[in-house]
Amino acid sequence: MNPLVPIGSSLAAACAGLIAYGAVYPRAQLFGPTLCRTDSPRKLAITFDDGPNPAITPKLLALLEKHKARATFFVVGRYVHECPEILRETAARGHLIANHTQTHPNLFWMSAGAIHNELRQCLEAIGGALNSSAKWFRPPFGFRNPWVVKEATELGMRTVMWTLIPGDWTPQPPEKLIGNLQPIADHAQGASGSASSTGDILCLHDGGHRELNADRTHTLRALEHWLPRWRDAGLEFVTIEEAVGTPAT
Ligand SMILES: [Zn+2]
């Protein structure tokens, strides 16, 4: 038996494990720097992916307005082409618009050039609807390879991940999602007496990457439950822009 075979295969397994960690783990920095937290335990950055969505986004905007909460929307370029009015309304209400690619592919398997095109086309869609550019980017599924963050940087964008992703991308009872969001309040309450110096970036979904009009009613219901409670816990709702560099008020 060749003794090198098991060593070689375990080395290959270790490399594969490292690549998987860098590609998937939300706070891994192996494939380039990403923003994963806010700079204060009192700041909660709520983010929404995969919109704009005619079935949900307008209701979500009304809900956020009611609770005076601003958020960040990582939009899909092809949906922006279909619903530019919803994007304009989102921006007009003070929310931050960010890039989530043109067609929501898994970028892990794509070349630098193909990644560049996905990011640039979404920037153009946003620019066409808003006459302004996006400064922030989130990769679909959170998947990165060695070119993803680099291409985003070259297009003038910083890459954003999250501290909590509670799995709201499938229809589910609101109670389940409400339970999965409990760590935000736990962190806020623990933070006041601990040395924690950072706050959460929460990844939710107002759309679905497979089709328009995805049902995210459970996300609305869970936010109806939590927004007033998070505010009572002392949390301040910030955009990703405000999540870094602006003092908590
Ligand atoms: Zn997505």
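Look up a bit, the structure's there.
The rules behind each value
Residues numbered from 1 in each chain as written. Predicted model: local features only at pLDDT ≥ 70, side-chain atom pairs only at ≥ 80, totals over all residues. Helix = DSSP H or I, 4+ residues; strand = E, 2+ residues; numbered from the N terminus. Rg over C-alpha atoms; globule rule 2.2 N^0.38 Å. Contact = placed C-beta atoms within 7 Å. Core = buried A, V, L, I, M, F, W, Y, C linked by C-beta atoms within 7 Å. Buried ≥ 20, exposed ≤ 12 C-beta atoms within 10 Å, placed from the backbone. Arc of directions from axis to C-beta. Pairing = 2+ DSSP bridges. Axes fitted to C-alpha atoms, helices over the stretch in contact; angles between N-to-C directions. Parallel < 35°, antiparallel > 145°, perpendicular 65-115°, else oblique. Nonpolar A, V, L, I, M, F, W, Y, C, P; charged D, E, K, R; others polar.

A word on the overall build of the protein chain
Part 1 of the reasoning: When helices and strands are counted, the protein chain shows 10 helices and seven strands.
Part 2 of the reasoning: Computed over C-alpha atoms, the radius of gyration of the protein chain comes to 19 Å, within 12% of the 18 Å expected from 2.2 N^0.38 for 249 residues, which places it in the range of a compact globule.
Part 3 of the reasoning: Its C-alpha atoms put the protein chain at 70 × 45 × 35 Å along the principal axes.
Part 4 of the reasoning: Looking at the protein chain alone, contacts between residues at least 24 apart form 79% of all its contacts between residues at least 6 apart.

Some words on the nonpolar core
Part 1 of the reasoning: Core analysis: the largest hydrophobic core is formed by 60 residues, its most contacted members being Val75, Ala98 and Leu202.
Part 2 of the reasoning: The contacts of alanine 98, once residues within four sequence positions are left out, are Thr72, Phe73, Phe74, Ala134, Trp136, Phe137, Arg138 and Ile240.

Considering helix α2 (residues 57–66)
Part 1 of the reasoning: Turning to α2, its buried residues number three or more, namely Thr57, Leu60, Leu61 and Leu64. Buried positions in α2, seen along its axis, are confined to an arc of 105° and lie on one side of it. With respect to the buried face of α2, the exposed residues turned more than 90 degrees away are Ala62 and Lys66.
Part 2 of the reasoning: Summarising the contacts, the buried residues of α2 are in contact with β1 (43–51), α4 (84–92) and α9 (217–232).

Side note on the pairing of strand β6 (residues 201–205)
A regular strand places its side chains so that they alternate between the two faces of the sheet.
Part 1 of the reasoning: Counting buried positions along β6 gives five out of five residues, so the element sits mostly inside the fold.
Part 2 of the reasoning: The two faces of β6 match: Ile201, Cys203 and His205 on one face and Leu202 and Leu204 on the other face are all buried.
Part 3 of the reasoning: Where β1 lies against β6, five bridges are found, and the strand directions are parallel. Each residue of the ladder has a partner; that of alanine 45, found in β6, is isoleucine 201.

Observations regarding the packing of α2 against α4
Part 1 of the reasoning: At a minimum axis distance of 10 Å, the contact between α2 and α4 shows a crossing angle of 10°. Relative to α4, α2 is oriented roughly parallel. For the pair formed by α2 and α4, the contact residues are Thr57, Pro58 and Leu61 on the first element and Ile86, Glu89 and Thr90 on the second.
Part 2 of the reasoning: Looking at side-chain class alone, the contact of α2 with α4 contains three nonpolar, two polar and one charged residues.

Comments concerning α4
Part 1 of the reasoning: Residues Ile86, Leu87 and Thr90 constitute the buried set of α4. Buried positions in α4, seen along its axis, are confined to an arc of 100° and lie on one side of it. The exposed set on the far side of α4, more than 90 degrees from its buried face, consists of Glu85 and Ala92.
Part 2 of the reasoning: The secondary structure elements touched by the buried residues of α4 are α2, β2 (72–75), α3 (77–82), β3 (96–99) and α5 (112–130).
Part 3 of the reasoning: Of the residues trailing α4, glycine 94 is marked for its positive phi of about 95°.

With respect to unusual backbone geometry
Part 1 of the reasoning: Following glycine 51, the chain continues to proline 52 via a peptide bond in cis, the omega torsion being -5°.
Part 2 of the reasoning: Its identity is not glycine, yet histidine 104 carries a phi of approximately 60°, on the positive side.
Part 3 of the reasoning: Secondary-structure assignment places histidine 104 in the loop between β3 and α5.
Part 4 of the reasoning: Under the C-beta neighbour-count criterion, histidine 104 is labelled buried, with 22 such atoms within 10 Å.
Part 5 of the reasoning: A positive phi angle, close to 60°, is found at asparagine 131, a residue other than glycine.

A word on the environment of isoleucine 165
Part 1 of the reasoning: Examined against the element boundaries, isoleucine 165 turns out to sit in the loop between β5 (158–159) and α7 (174–180).
Part 2 of the reasoning: It is 22 Å that separates the C-alpha atoms of isoleucine 165 and alanine 134, two residues lying 31 residues apart in sequence.

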